[in-house]
Structure formats: structure tokens, C-alpha cells
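Report on the structure
In case you want the letters, here they are:
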Amino acid sequence: MAFRTLVTADRGAVRHITVNRPDKLNALNCETIGELTLAFRQAAQDDAIRVVVLAGAGEKAFVAGADISEMSDWSPVKAQAASRAGQDLMLTVERLGKPVIAKIQGYTLGGGMELAMACHLRVASEKARFGQPEIGLGLIPGFGGTQRLTRLAGRGLALELCLLGQQIDSARAERTGLVTRVVAADELDAAVDNLADQLAAAAPLALKGILEAVIEGGECAIDQGLAFETQGFAIAFSTEDMREGTGAFLERRKPVFKGA
């Protein structure tokens, strides 16, 4: 289907989803949140798609937050509904069952940072900036920022960014674990494409098992998490991917005998 606020395109088994509101620095309004949720659900259901790359249009921003002009007259009831819709989007991304890469080229603030943190891998330009500036509006993050930031980078950075509302650069984001990899601005497209291709070539059911074990099992007590891992490990032995992978490995390990 056609989207009003997104552009989607497939490159082999990789689906690119781009928030296309560059005049608003790709800010998330209610329509964009709804379309993103639908676009990710479609990607989840398409067996031909193995990896999703999420980006923002233009050079200035990945997503520079929520659309403040839309929020200005919300009632508490409307704000609660919007928060739940945003959190539903983030859970849809996080639990997609396929790797999602955030391609981050610029400002990644507020709801945009929450969206990036819901992705599994975050590749950032050296020019990118990150922050949770909601305190400046008399608000707190509403799309999962307090929770994912704490889990990704620790309580200290979560409190610093949320309490002070200040931005950090990509170098510090990488040091604290908020970003997976930082590259030069002119290398961002190639770096993301190479990473997406590597993931698209991997065994999809094993990728799904790893994502579930880390994301869902990682939120449990250790005994439950280990049981989650064991279940995924056992299921992998029923797949053709496992048989092909181990067969190819053993073939490579065969000694080479030369005739006399």
C-alpha cells in the first residue's frame, strides 16, 4: 500500500523503511506512528524479507522527536493513548523476529531516540546527535525512553540524558553502548548495506531465535532466560538451515589427501 509519511523499498531480502517528513525533521506525529506500525507488521509477515533498515529522509535528522505542534493541546487521556500507540510501535520493531538496523545520519532525539533504541543494531554517522529532551517541555519520555535507555546504556546515562535534556555526540553514544557502530558520514550507506547483506545471508530462524533469546529471555530471571535459550537451541536442530550450515562447516574441515 502507499504511505503518506513513509517511503518503502526492497533491495533483495532487505526492506528499507524511511520516515519521509524532512521538512519536520522527520518528527513522529500520530499518522507516522500508525504507518510505521503497519509497515513493520507487513515486513514481519513477508517471508521474502529477512532484514529491515529504518532511516529518516534528508541529511539533518533520523527522527528529531515527536511532533510538538500536534501535542500542544492534548488532554491527559489523549496523551496516554498516544504513549501507548508509540510504545506499541516500539514493541513491534523490537519483537519483529527479523533484524532491524537503524541508519542514523543526524538528530536522533526524543521519540526518534526511542525508535532507534527499539531497533536491534544502530549504525550512526559521526555527525549524529542523541538526546531525550522532554524535560525542557515539562514532560518525561513516553515511548519507552526511560526503560530502553536504562537497559542499553545503564542508569547513569539514562538519568543524565533524561534529567538534563542534553545531547551527546555519536562517539559518546558508541562508548556507552547506545550505538553499535559509528562511521564517517559518507560511509554510512555502504556500512549499513554491508551489514544488512550479511544478516540477510544468515539463517533466518537462527536470527529469530537469537533475537528472542536476547530480547525476551534477557528480561527474565537467569533460570528462565536459560530455559528460553535451550528451547531456541533445540528448535534450531529441526531446521534445514542448521543441517546446511553444519554440513558446509564439516565439508570445509575435511582433510585434503593428495595422491602419491
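Before going into details, it helps to say that this report is about the structure given with it. In this text, all values refer to a predicted model and were calculated from it rather than measured experimentally.

**Focus on the sheet that holds strand β2 (residues 14–19)**
The strand order β1-β2-β3-β5-β7-β10 describes an open sheet built from six strands, whose pairing is mixed. Since the sheet does not close on itself, it has two edges, and those belong to β1 (6–11) and β10 (181–183), each with one partner. Strand-to-strand twist of the sheet, defined as the mean angle between neighbouring strand axes without regard to direction, takes the value 20 degrees. Pairing of strand β7 (residues 121–125) with β10, which is carried by three bridges, proceeds in the parallel orientation. Bridging from a neighbouring strand, Ser-125 pairs with Val-183 of β10. Packing against the sheet, helix α1 (residues 30–45) makes contact with β1, β2, β3 (51–56) and β5 (100–104), and its axis sits at approximately 180 degrees to β2.

**Notes on the pairing of β1**
Of the strand pairs in this sheet, β1 and β2 are connected by six bridges, and their pairing is antiparallel. The residue of β2 that forms the bridge with Ala-9 is His-16. The antiparallel hairpin formed by β1 and β2 contains two residues in its connecting segment, where Gly-12 sits at a positive phi of about 65 degrees.

**Structural notes on unusual backbone geometry**
Backbone geometry places Leu-25, a non-glycine residue, at a positive phi of 55 degrees. Among the secondary structure elements, Leu-25 is positioned in the loop between β2 and α1. Here the phi dihedral of Asn-26 falls at roughly 60 degrees; this positive angle occurs in a residue that is not glycine. Secondary-structure assignment places Asn-26 in the loop between β2 and α1. On the accessibility criterion, Asn-26 (0% relative accessible area) is buried.

**Remarks on the nonpolar core**
With 42 residues, the main nonpolar core has Leu-36, Phe-40, Phe-130 and Leu-149 as its most contacted residues. Not counting chain neighbours up to four residues away, the residues in contact with Leu-36 comprise Leu-6, Ile-17, Val-19, Leu-28, Leu-54, Leu-89 and Leu-115. With 14 residues, the next largest nonpolar core counts Val-14, Val-51, Val-53 and Val-123 among its residues.

**Here we look at the packing of helix α4 (residues 111–118) against helix α5 (residues 145–153)**
Relative orientation of the contacting elements α4 and α5 amounts to 50 degrees, with a least axis distance of 10 Å. Taken together, the axis directions place α4 and α5 in an arrangement best described as oblique. Judged by the sense of rotation from one axis to the other, the crossing of α4 with α5 is left-handed. Contacts between α4 and α5 involve Met-113, Glu-114, Met-117 and Ala-118 from the first element and Gly-145, Arg-148, Leu-149 and Leu-152 from the second. Of the residues assigned to the contact of α4 with α5, the class counts are five nonpolar, one polar and two charged.

What counts, and at which threshold
- Residues numbered from 1 in each chain as written.
- Predicted model: local features only at pLDDT ≥ 70, side-chain atom pairs only at ≥ 80, totals over all residues.
- Heavy atoms only, no water.
- Pairing = 2+ DSSP bridges.
- Helix = DSSP H or I, 4+ residues; strand = E, 2+ residues; numbered from the N terminus.
- Axes fitted to C-alpha atoms, helices over the stretch in contact; angles between N-to-C directions.
- Contact = heavy atoms within 4.5 Å.
- Buried < 20%, exposed > 50% of the residue type's maximum accessible area, 1.4 Å probe, protein only.
- Core = buried A, V, L, I, M, F, W, Y, C linked by side-chain atoms within 4.5 Å.
- Parallel < 35°, antiparallel > 145°, perpendicular 65-115°, else oblique.
- Left-handed = near helix turned anticlockwise from the far one by under 90°.
- Nonpolar A, V, L, I, M, F, W, Y, C, P; charged D, E, K, R; others polar.

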